[in-house]
Amino acid sequence: MSNLLSPESVEAFQALALGLAFAGMVATGFEALTERRASFTMLETGGARAIASVPFVVATAPFIILRNTVRGRRTQRRRVTFVALATIIACLWGLACGRVIMDLTMILGS
């Protein structure tokens, strides 16, 4: 029986799953600790607080995008094409984050 997926495809899927799970975990942890929603508006505060929140927002962006997209579809009846585009962007961002996490794990593990 031949392999259905190449090793590269499996690795990409793992990176995507890891990136989305990590983003959700960090954002949910932040929301549990601070009782505030993680959002892109954290960057609008200005000053050192906004600069300090950049790594957090970069790490949690896939979760924030997906959460806002689902909520916007329900409440604002956004078009399916918008939802699909936002989902693609969030998944690509999650894939990149997951790849970085996997690479850091490999570097720190060796």
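Parameters and conventions
- Residues numbered from 1 in each chain as written.
- Predicted model: local features only at pLDDT ≥ 70, side-chain atom pairs only at ≥ 80, totals over all residues.
- Heavy atoms only, no water.
- Core = buried A, V, L, I, M, F, W, Y, C linked by side-chain atoms within 4.5 Å.
- Buried < 20%, exposed > 50% of the residue type's maximum accessible area, 1.4 Å probe, protein only.
- Helix = DSSP H or I, 4+ residues; strand = E, 2+ residues; numbered from the N terminus.
- Contact = heavy atoms within 4.5 Å.
- Axes fitted to C-alpha atoms, helices over the stretch in contact; angles between N-to-C directions.
- Parallel < 35°, antiparallel > 145°, perpendicular 65-115°, else oblique.
- Left-handed = near helix turned anticlockwise from the far one by under 90°.
- Nonpolar A, V, L, I, M, F, W, Y, C, P; charged D, E, K, R; others polar.
- Phe/Tyr/Trp six-rings, centres within 6.5 Å; stacked < 30°, edge-to-face > 60°.
- Expected span 1.5 Å × (residues − 1).
- Polar contact = N/O pair within 3.5 Å; in protein donor to acceptor, adjacent residues only side chain to side chain.

Trainee: Honestly, the nonpolar core in this entry has me stumped. Any pointers?
Mentor: Side chains of nonpolar character tend, in soluble globular proteins, to be buried together. Counting residues in hydrophobic clusters, the biggest one holds 7 residues: Ala27, Phe30, Ala38, Met42, Phe56, Val57 and Ile64. Looking at this core, the elements that each hand over two or more residues are helix 1 (7–34) and helix 2 (47–76). Ranked by residue count, the leading element in this core is helix 2, at 3 residues. Other than its neighbours up to four places away in sequence, alanine 38 contacts Ala27, Phe30, Glu31, Phe56, Ile64 and Arg67.

Trainee: Whenever I open this one, the packing of helix 2 against helix 3 (residues 80–109) confuses me. Can you help?
Mentor: When two helices pack together, their arrangement is given by the angle between the helix axes and by the axis-to-axis distance. It is at 9 Å that the axes of helix 2 and helix 3 come closest, and there the two elements cross at 165°. The pairing of helix 2 with helix 3 is recorded here as roughly antiparallel in orientation. In terms of crossing hand, the pair formed by helix 2 and helix 3 is left-handed. Taking contact as the criterion, the partners of Val58, Ala61, Pro62, Ile65, Leu66, Thr69 and Arg73 in helix 2 are, on helix 3, Val80, Val83, Ala86, Thr87, Ile89, Ala90, Trp93, Gly94 and Cys97. Of the residues that constitute the contact of helix 2 with helix 3, the class distribution is 12 nonpolar, 3 polar and 1 charged.

Trainee: Whenever I open this one, the packing of helix 1 against helix 3 confuses me. Can you help?
Mentor: Packing of helix 1 against helix 3 brings their axes to within 6 Å, and their N-to-C directions diverge by 100°. Taken together, the axes of helix 1 and helix 3 lie roughly perpendicular to each other. Together, Glu11, Ala12, Gln14, Ala15, Leu16, Leu18, Gly19, Leu20 and Phe22 of helix 1 and Ala90, Cys91, Gly94, Leu95, Cys97, Gly98, Arg99, Ile101 and Met102 of helix 3 make up the contact between the two elements. When its residues are assigned to classes, the contact of helix 1 with helix 3 shows 12 nonpolar, 4 polar and 2 charged.

Trainee: Sorry if this is basic, but what is going on with the packing of aromatic side chains here?
Mentor: Centre-to-centre distance and the angle between the planes together describe a pair of aromatic rings. Taken as a whole and judged by the stated rule, the model has 1 aromatic pair. Residues phenylalanine 30 and phenylalanine 56 carry aromatic rings whose centres are separated by 4.7 Å and whose planes lie at 45° to one another, so their mutual orientation is tilted. Residue phenylalanine 30 is found in helix 1, and its partner phenylalanine 56 is found in helix 2; the two are separated by 26 residues along the sequence. The pair formed by phenylalanine 30 and phenylalanine 56 is uniform in burial state, with each residue classed as buried.

Trainee: What is the right way to look at the environment of alanine 23 in this model?
Mentor: Within the secondary structure, alanine 23 is located in helix 1. We classify alanine 23 as buried; its relative accessible area is 0%. With 78 residues separating them in the primary sequence, alanine 23 and isoleucine 101 have C-alpha atoms 11 Å apart. Apart from the residues within four sequence positions on either side, alanine 23 is in contact with Ala59, Thr60, Pro62 and Phe63.

Trainee: Where do I start with helix 1 in this structure?
Mentor: An α-helix turns once every 3.6 residues. As a result, residues three or four positions apart point the same way. Here helix 1 spans 40 Å end to end across 28 residues, near enough to the 40 Å set by a 1.5 Å rise per residue. Every buried residue of helix 1 is accounted for by Ala15, Gly19, Ala23, Gly24, Ala27 and Phe30. Remark: glutamate 35 follows helix 1 within two positions and exhibits a positive phi of approximately 60°.

Trainee: It is not clear to me how the side chain of arginine 67 should be interpreted in this structure. Could you clarify?
Mentor: Here arginine 67 is to be found in helix 2. Looking at arginine 67, the relative accessible area reads 14%, which means it is buried. A distance of 2.9 Å separates a polar atom in the side chain of arginine 67 from a polar atom in the side chain of glutamate 31. A polar atom in the side chain of arginine 67 sits 2.7 Å from the backbone oxygen of alanine 38. Those residues in contact with arginine 67, other than ones at most four positions away along the chain, are Glu31, Arg37, Ala38 and Ser39.

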